[in-house]
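What follows is the residue order along each chain.
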Amino acid sequence: MANETVYLAGGCYWGFEDLLSKIPGVIETAVGFSGGHVKNVSYREVSSGTTGHAETVKVIFNSDILSFTDLLTFFFKMHNPTTLNQQGNDIGTQYRSAIFATTDEQILLAEELIKKIDSLGVLTKKITTEVNTFNTFFLAEDNHQKYLEKYPDGYTCHFIRDINLSF
């Protein structure tokens, strides 16, 4: 089994984690924060918008079952990657779209996929998703992990959009 890890940010991580965890081939998810300049941050600090972190989901997946490109195709369908620092009613850099890649190959594949999707013209604007080399991840507090499993009627702005991303 070939396990890989990537860190994906696409707005509020509650609904994002819920959708990602249901994709066949995804082994484990956890919510937290990446991409900022403050160490050991909390949800309260990140939600202030001053730490530079994005709400992020750590995704461990079996690449024999789910390719990285297929995972990113789901990623681009489950949030709006064309809105800068916003998902639904959530506005701020902590809600930006970002891929924190753990390998050089992931970076190349992500950049290639973004170019392909933009060239299809199926989105109203160009993708604003950042592609970064992974640096650090700070796990969010326990009450944020698997949030929608604990609170099925909890807040989410994520759903699978009916977008044809076939090449």
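An account of the accompanying structure is given in this report. Source: prediction; values computed, not measured.

**Some thoughts on the overall build of the protein**
Then step 1. The secondary structure content of the protein amounts to 5 helices and 8 strands.
Then step 2. The C-alpha radius of gyration computed for the protein amounts to 15 Å, which stays within 12% of the reference 15 Å derived for 167 residues, consistent with globular compactness.
Then step 3. For the protein, the spread of C-alpha atoms along the principal axes amounts to about 40 × 40 × 35 Å.
Then step 4. In the protein, which comprises 167 residues, the share counted as buried stands at 49%.
Then step 5. Accessible area of the protein: about 8300 Å², with a carbon and sulfur share of 51%.
Then step 6. Here the protein carries 13 positive and 20 negative side-chain charges, and the mean point of each set is 4 Å from the other.

**Points about the side chain of Gln87**
Then step 1. Secondary-structure assignment places Gln87 in strand β4 (residues 86-87).
Then step 2. Among the residues examined, Gln87 registers a relative accessible area of 1% and is labelled buried.
Then step 3. Among the polar contacts made by the side chain of Gln87, one reaches the main-chain carbonyl oxygen of Asn80 at a distance of 2.6 Å.
Then step 4. Residues in contact with Gln87, not counting those within four places in the same chain, are Gly10, Gly11, His79, Asn80, Tyr95 and Cys157.

**Concerning the nonpolar core**
Then step 1. Core analysis: the largest hydrophobic core is formed by 38 residues, its most contacted members being Leu8, Leu20, Val59, Leu71, Leu72, Phe76 and Ile99.
Then step 2. Those residues in contact with Val59 that sit more than four places away from it in its chain are Glu4, Thr5, Val6, Leu8, Leu20, Val26, Glu28 and Leu71.
Then step 3. Judged by nonpolar contacts, the second largest core, of 6 residues, contains Tyr7, Ala54, Phe100 and Phe137.

**Comments concerning the sheet that holds strand β7 (residues 130-133)**
Then step 1. If you walk across this open sheet you meet the 6 strands as β7-β6-β1-β3-β2-β8, and the pairing is mixed. What marks the edges here is a single partner per strand, and that holds for β7 and β8 (138-139).
Then step 2. The pairing of strand β1 (residues 3-10) with strand β6 (residues 97-101) spans 4 bridges and is antiparallel. Its bridge partner lying in β6, Ala9 is registered against Ala98.
Then step 3. Of the strands in this sheet, β1, β2 (26-34) and β3 (54-62) are in contact with helix α1 (residues 13-21), which crosses β2 at around 160°.

**Comments concerning the pairing of β7**
Every other side chain in a regular strand lies on the same face of the sheet, so the side chains alternate between the two faces.
Then step 1. Strand direction decides the pairing type here: β6 and β7, joined by 4 bridges, are parallel. Considered in β7, the bridge of Ala98 is made with Glu130.
Then step 2. Taken together, β6, helix α4 (residues 104-120) and β7 constitute a β-α-β crossover, and its handedness is right-handed.

**Overview of the pairing of β2**
Then step 1. Among the 9 residues in β2, 7 count as buried, and that is most of the element.
Then step 2. In this structure, β2 lies alongside β3, joined through 8 bridges in antiparallel fashion. Residue Gly32 lies in a different strand from β3, and its bridge partner there is Thr56.
Then step 3. In terms of strand pairing, β2 meets β8 through 2 bridges, oriented antiparallel. Looking at the pairing, Gly32 lines up with Leu139 of β8.

**Things to note about the state of the cysteines**
Cysteine pairs can be covalently joined through their sulfur atoms, and such a bond is termed a disulfide.
Then step 1. What the rule picks out here adds up to 0 disulfides.
Then step 2. Just so you know, Cys12 is unpaired, no disulfide at all, and the nearest cysteine sulfur is the one on Cys157, 6.1 Å from it.
Then step 3. According to the relative accessible area criterion, Cys157 is buried, its value standing at 15%.

**Looking at the packing of aromatic side chains**
Then step 1. Summed over the entire model, instances satisfying the criterion amount to 10 aromatic pairs.
Then step 2. Taking the centre distance of 5.0 Å and the plane angle of 65° together, the rings of Phe75 and Phe76 count as edge-to-face. Accessibility classification places Phe75 together with Phe76 in one group, the buried group.
Then step 3. Relative to Tyr151, the ring of Tyr147 lies with its centre 4.8 Å away and its plane at 40°, an arrangement referred to as tilted.
Then step 4. What makes Tyr147 buried here is its relative accessible area of 16%.
Then step 5. Through a chain of ring-to-ring contacts, the aromatic side chains of Tyr13, Trp14, Phe33, Tyr43, Tyr147 and Tyr151 assemble into a single cluster.
Then step 6. The ring centre of Phe159 lies 4.2 Å from the NZ or CZ of Arg161, which sits over that ring.

Analysis parameters
Residues numbered from 1 in each chain as written. Predicted model: local features only at pLDDT ≥ 70, side-chain atom pairs only at ≥ 80, totals over all residues. Heavy atoms only, no water. Helix = DSSP H or I, 4+ residues; strand = E, 2+ residues; numbered from the N terminus. Rg over C-alpha atoms; globule rule 2.2 N^0.38 Å. Buried < 20%, exposed > 50% of the residue type's maximum accessible area, 1.4 Å probe, protein only. Areas by Shrake-Rupley, 256 points an atom, 1.4 Å probe, with all protein chains shown as cover. Lys, Arg positive; Asp, Glu negative; His and termini not counted. Charge placed at Lys NZ, Arg CZ, Asp CG, Glu CD. Polar contact = N/O pair within 3.5 Å; in protein donor to acceptor, adjacent residues only side chain to side chain. Contact = heavy atoms within 4.5 Å. Core = buried A, V, L, I, M, F, W, Y, C linked by side-chain atoms within 4.5 Å. Pairing = 2+ DSSP bridges. Axes fitted to C-alpha atoms, helices over the stretch in contact; angles between N-to-C directions. Right-handed = clockwise from strand over helix to strand, strands pointing away. Disulfide = S-S within 2.5 Å. Phe/Tyr/Trp six-rings, centres within 6.5 Å; stacked < 30°, edge-to-face > 60°. Lys NZ or Arg CZ within 6 Å of the ring centre and 35° of its normal.

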